[in-house]
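Summary of structural features
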Amino acid sequence: MLLYLAVAIWPLIIQRLYAHGRLVIGNRRVEFETHLIIAMTPIFVLLAFRSGKMGNDTATYVRQFGEMIDIPLEYAFATSRMEQGYLVFVKALTFITHNGLVYQVICVTIMMMGMYFFLIEHEKDAFLFLYFYCTLGLFFFMFTGTRQCLAMTICLFSYRFAQRKQYIRFLLCVVLAYYFHKSAVLFVIVPLVMLIKVNLITTIIYIIVPFILGRYLQAIQTWFNDTLDYSYGIESTGSGMIFLMVIIVFTVFSMIQLFNSGYIGKNNTVMSGLGKETQDFTQEVYNLLNINFITLAFWAMRLQTRVAERPSYYFLFFSCLLFAKAFNRITENQNRQLYWFLMIGFTLALYVYRLSTNFASFVPYQFYS
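About the cut-offs
Residues numbered from 1 in each chain as written. Predicted model: local features only at pLDDT ≥ 70, side-chain atom pairs only at ≥ 80, totals over all residues. Heavy atoms only, no water. Helix = DSSP H or I, 4+ residues; strand = E, 2+ residues; numbered from the N terminus. Buried < 20%, exposed > 50% of the residue type's maximum accessible area, 1.4 Å probe, protein only. Contact = heavy atoms within 4.5 Å. Areas by Shrake-Rupley, 256 points an atom, 1.4 Å probe, with all protein chains shown as cover. pLDDT = per-residue confidence, 0-100. Patch = residues over 30% accessible without salt bridge, like charges linked within 9 Å, V, L, I, M, F, W, Y side chains within 5 Å. Salt bridge = Lys/Arg side-chain N within 4 Å of Asp/Glu carboxyl O. Axes fitted to C-alpha atoms, helices over the stretch in contact; angles between N-to-C directions. Parallel < 35°, antiparallel > 145°, perpendicular 65-115°, else oblique. Nonpolar A, V, L, I, M, F, W, Y, C, P; charged D, E, K, R; others polar. Phe/Tyr/Trp six-rings, centres within 6.5 Å; stacked < 30°, edge-to-face > 60°.

**A few points about the overall build of the chain**
Each helix and strand counted, the chain has 18 helices and zero strands in total. Looking at the chain as a whole, 51% of its 369 residues are labelled buried. Residue pairs at least 24 apart in sequence account for 76% of intrachain contacts in the chain once pairs closer than 6 positions are excluded. By element, 65% of the accessible surface of the chain is carried by carbon and sulfur atoms, the whole surface being about 17400 Å².

If you want it as C-alpha cells, here you go:
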C-alpha cells in the first residue's frame, strides 16, 4: 500500500520542487513540461507494467489482443461485442507487436499523452490535478477500463476544441471516441453546459436535476440500452454516498473560494473590463464548474445504480482540475495550510479506504509476467 501512497503524493513533491528548487534547467516552458513528465512517470509505470491480475478486465484485454493476431478483422467485427474502432486499433497494433506487455504499454502511453496535453495548459494546477486524479478514483479506473479510458483520452483532447468553439473538430473527436466506447456519446453535452452562466438560479437547477433523473432512472436506463445496444440493468448499490459527499463539499468549497477570489459572480460589464488572461481564466472556471455538476449528477444516480459510475469518469477529470484551481488560489497563508492539511488528510484517508476495500486485490502491486 505504501507504493500507492507514494505515487499519489509524488506530484505534490514535484510541485514543491518546481516552485522552490528546479530539477532541470531551461526556459520556464521546458522546465514545467519536464517536471510534469517526472510527476506522471510513476503513474505511467504502475499502469503500463501491471499484471493481468491488477484490474477486473486487464487479463481479458491482453488475451483478446493475443487472439486478434490470427483473427481476420471482419470476423472480429461479426463476433465481438467490442466497438469497431477499438478492434481496428488492436488489429493495427498486432502488426507492430505480438507482445501483450507492449500492447499494454502503448495503450497507457496514449492515455498519459491525453492527460499530458490537457495539463500543459494548466501550469499552476497540473501537479495538484494529478494528486486528485489518484486519490479521487481515476487512477484506479485506468487499471481496468482500457477501452473506455482510450475513449476518455480522446474526449479529453477534444475539450480544447469545445473551448475554442471549433465544434466540428470537437464532434469528430467524440465520434472517434464513440467507436472506442459508445458511452463517449455522453460527452456531446459538454459544449452545451459550457454556455451556461453559473449563478444562483442555475445552481438550484443543477441541484434539482439529479432528483428528476433519479425519478426516471429506469426509463433513462432503457433508452440508454436501446440507443447504444447495451444490456445494462439497474444494479442496486449501498455505496457511493461517501464519495458523493466529498464531491459536494469540494464543489461548495471551490465555488466559495473562487467567488471570494473574484473569479465567479461577475456581471458582463465587469467582465468586459478585465484583462484577456483574467477573462479566459474566469471563463474556464465557469466551464469546469458546469462540467463538474455533470459529475455530481452521475454520482447522485450512482446511489441507485452502479452503472452510473463509469460514465462519471469522463467528467471527473474536469472536477479534479476545478478543485486544483480552487485550492491553489487560497491566498492567506494560515488558511492555506489548514485547508491543505484537511484536503490532503481527507483524500488520502479515502484513497486508503478504497485500497482496503474495493481495490484490496491491488495490494500488493504485481508486475506483468
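Text resumes after the structure shown.
**Quick notes on the confidence of the model for the chain**
The share of residues in the chain with pLDDT of 70 or more is 87%, and the mean pLDDT across the chain is 87. A low-confidence stretch, residues 268–273 stays under pLDDT 50, and its non-local contacts, those more than four residues away or across chains, total five contacts.

**Observations concerning a nonpolar patch on the surface**
Where nonpolar side chains cluster on the molecular surface, the patch consists of Met 241, Met 245, Ile 248, Val 252 and Ile 256 and spans about 420 Å² of accessible area. Structurally, Val 252 is set in helix α14 (residues 241–260). A relative accessible area of 43% means that Val 252 is categorised as partly exposed.

**Examining the pattern of salt bridges**
Applying the stated criterion across every chain, the model contains eight salt bridges. Between Arg 147 and Glu 83 there is a salt bridge, with its nearest N and O atoms 2.8 Å apart. Placement of Arg 147 in helix α9 (residues 146–163) and of Glu 83 in the loop between α4 (73–79) and α5 (84–94) is noted, with a sequence separation of 64 residues between them. Because the salt bridges share partners, they merge into one network encompassing Asp 125, Glu 284, Lys 325 and Arg 329.

**Considering the packing of α9 against helix α10 (residues 167–178)**
Packed helices, taken two at a time, are described by the angle between their axes plus the distance between the axes. At a minimum axis separation of 8 Å, α9 and α10 run at an interaxial angle of 175°. When the axes of α9 and α10 are compared, the pair comes out roughly antiparallel. Across the interface between the two elements, Ala 151, Ile 154, Cys 155, Phe 157, Ser 158, Phe 161 and Ala 162 of α9 pack against Tyr 167, Arg 169, Phe 170, Cys 173, Val 174, Leu 176 and Ala 177 of α10. Looking at the contact of α9 with α10 residue by residue, the class counts come to twelve nonpolar, one polar and one charged.

**Regarding the packing of aromatic side chains**
Per the stated rule, a full pass over the model turns up 41 aromatic pairs. Among the aromatic side chains, those forming a connected cluster through ring pairs are Tyr 4, Tyr 133, Phe 139, Phe 140, Phe 143, Tyr 351, Phe 359, Phe 362, Tyr 365 and Phe 367.

**Digging into the packing of helix α1 (residues 2–20) against helix α2 (residues 28–48)**
Direction vectors running N to C along α1 and α2 enclose 175°, while the axes themselves pass 9 Å from each other. Classified by the angle between their axes, α1 and α2 sit roughly antiparallel to one another. Here α1 contributes Leu 3, Tyr 4, Val 7, Trp 10, Pro 11, Ile 14 and Tyr 18 to the contact with α2, which in turn contributes Arg 28, Glu 31, Phe 32, His 35, Ile 38, Ala 39, Pro 42, Ile 43 and Leu 46. Of the residues belonging to the contact of α1 with α2, the class tally is 13 nonpolar, one polar and two charged.

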